[in-house]
Each structure stands twice: as C-alpha cells, then as structure tokens.
Amino acid sequence: MIQLDTNRLQLRAFQLEDAEQMFHYAQDERVGPKAGWAPHQSVDETRDVIRLFQQDEDVWAITLKETGEVIGSLGLHDRRPDPEIQHDRQREIGYVLSPDHWGKGYIPEAVREVIRHGFNDLGLERIWCGHFNFNDQSRRVVEKTGFTYVFTTSQQLTRLDGRTVQSLVYVVTKEEYEKRLAQR
C-alpha cells in the first residue's frame, strides 16, 4: 500500500505489531457497533483482522505523525453500492477512530487525503461513503468532506446482532471534487 501523509497524520499499511494499539479501540463498545461489527474480544482477534487488511491491501492504519500511535483505520474498498452504476471506476470509504481521539478532526483530514488519492492517483470517477442512521459522528464526517446523499438502504447486521438498520449512502464524483477545488 502507498503511504499517505497529511499535516498531522500518516496513513500506512497495518503491521501485526499494531495489534495492541488497534485492540485498544477495537474492543471499545462505542466503535465497532457503529460500523456494523462486534467489539474485538482479544488481541489475537485483532491480529486476524490485521492479516485480512494485509491480504486485501485496502485499509490504512491511521497514525499520528508526532507519536506514531495507531488511532484508527481507513479503508478504500472495491464496493459498488448502486447496482445501476457498475461500470464506473469507483470505491467506497470506511473508517473508524479511537474514542480517545474523537472531536479533533482527524477522520475528515484522513478522508480528504484518501479522496485526493482516489481521484488523482487511482483515476477513480466516483467515491462512496455510508453510515448507519444512528451514527451521527460519521454523518458529520460525510458532511465535512463533501459527499452528497444519494439513497438509503436496509442492511442486516449479521456480524453484530442480526438487527436490520438503515444505511445512508453518499457519493462524490471526480467532477464535483474538481469543481470544489477550482472554487477555493
């Protein structure tokens, strides 16, 4: 994975040595359920997740430049939420952040950099982002980073508790992204 840098953050590939720091936030009841997965029960479970990240090569560790601490993750996944638009070059962003670092603007900062990377380096035409209707923090990130609401779907949380929830889906196109850049 290519390393990405912002003013305060470094986005890099996960290493197995990151398991303890990731487990710190992945075990927190306030994190996983908002993203549709159960809190991690052990550092070994976290290592297994990191191995999946390494295999798929589509999730960055979000680290603080100043300390190197892993504070979250951000994925750019090959998912296509709209069945009507399958031909475009597109990806979906997903993110989690340690509650220790909520409210500091780290996720919008990281998402903006991944959007730039997606359009400028990967040649994407469309980037998606979604959140569950009960996740106001993710909604605020989506608003701050320029995504536009497209539709709502129902989704069963099979990896959590089986309940059905509403998922709000947003998109930003390369054209919209470039238009916003030109207005700055």
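An account of the accompanying structure is given in this report.

Reading the values: the criteria
Residue positions are counted from 1 within each chain, in the order its sequence is given. pLDDT decides what is reported in this predicted model: residues at 70 or higher carry local features, side-chain atom pairs at 80 or more are listed and counted, and totals for whole chains, interfaces and linings draw on all residues regardless. To obtain the side-chain values, all non-hydrogen atoms of the structure were included, while hydrogens and water were left out. Each residue is placed in one exposure class: buried if its accessible area under a 1.4 Å probe, protein chains only, is under 20% of its type's maximum, exposed if it is over 50%, and partly exposed if it falls in between. Numbered from the N terminus, helices here are DSSP runs of H or I no shorter than four residues, and strands are runs of E no shorter than two. Comment: arc refers to directions from the helix axis out to C-beta atoms. Residues are treated as being in contact if the distance between any of their heavy atoms lies within 4.5 Å. In this description, a nonpolar core means a group of buried Ala, Val, Leu, Ile, Met, Phe, Trp, Tyr and Cys residues linked to one another through side-chain atoms lying within 4.5 Å. In this analysis, strands are considered paired if DSSP registers two or more bridges between them. For every element, the axis is a line fit to its C-alpha atoms; helices are fit only across the contacting stretch, and the angle between N-to-C directions ranges from 0 to 180 degrees. For this analysis, a salt bridge means a side-chain nitrogen from Lys or Arg found within 4 Å of a carboxyl oxygen belonging to Asp or Glu.

1. Some remarks on helix 5 (residues 136-144)
Piece 1. Among all positions in helix 5, only Ser138, Val141 and Val142 are buried. Looking straight down helix 5, one finds that the buried residues subtend no more than 100° of arc, so they occupy a single side. Counted as exposed and oriented over 90 degrees from the buried face of helix 5: Glu143 and Lys144.
Piece 2. Close packing links the buried residues of helix 5 with strand 5 (90-97), helix 4 (106-121), strand 6 (126-132) and strand 8 (164-173).
Piece 3. Where helix 5 ends, the next residue or the one after it, glycine 146, has phi of about 90°, a positive value.

2. A closer look at the nonpolar core
Piece 1. The biggest cluster of nonpolar side chains holds 29 residues, and the ones touching the most others in it are Leu74, Ile93, Tyr95, Val111, Ile115, Ile127 and Phe147.
Piece 2. Where this core is concerned, the elements lending two or more residues are strand 2 (9-13), strand 3 (59-64), strand 4 (70-77), strand 5, helix 4, strand 6, helix 5 and strand 8.
Piece 3. Ranked by the residues each element gives to this core, the list is headed by helix 4, at 7 residues.
Piece 4. Excluding anything up to four places from it in sequence, phenylalanine 147 contacts Ile93, Val111, Ile115, Ile127, Trp128, Cys129, Val142, Tyr170, Val171 and Val172.
Piece 5. Counting residues in each nonpolar core, the second largest holds 16 residues, with Ala26, Ile50, Val59 and Val96 among its members.

3. Details of unusual backbone geometry
Piece 1. Positive phi is not limited to glycine here, since glutamate 57 has a value of about 50°.
Piece 2. Note that glutamate 57 resides in the loop between helix 3 (43-56) and strand 3.

4. Some points on the sheet that holds strand 2
Piece 1. Taken together, the 8 strands give an open sheet; going across it, the order is 1-2-3-4-5-6-8-7, and neighbouring strands pair in mixed fashion. The open sheet has two edge strands with one neighbour each: strand 1 (4-5) and strand 7 (148-156).
Piece 2. Here strand 4 pairs with strand 5 via 6 bridges, running antiparallel. Looking at strand 5, one finds that histidine 77 is bridged to glutamate 92.
Piece 3. Packed on one face of the sheet, helix 1 (residues 19-26) meets strand 4 and strand 5 and runs near 85° to strand 4.

5. Topic: the pattern of salt bridges
Piece 1. All chains considered together, the criterion is met by 13 salt bridges.
Piece 2. Linking aspartate 78 and arginine 80 is a salt bridge whose minimum nitrogen-to-oxygen distance equals 3.5 Å.
Piece 3. The salt bridge partner of glutamate 113 is arginine 116, with a shortest N-O separation of 2.7 Å. Linking glutamate 113 with arginine 116, this pair stays in helix 4, spanning 3 residues, or about one helical turn.
Piece 4. The exposure class of glutamate 113 is buried, given its relative accessible area of 12%.
Piece 5. The class for arginine 116 is partly exposed, based on a relative accessible area of 25%.
Piece 6. Each of the salt bridges in this network shares a partner with another, and the network as a whole consists of Glu113, Arg116 and Asp121.

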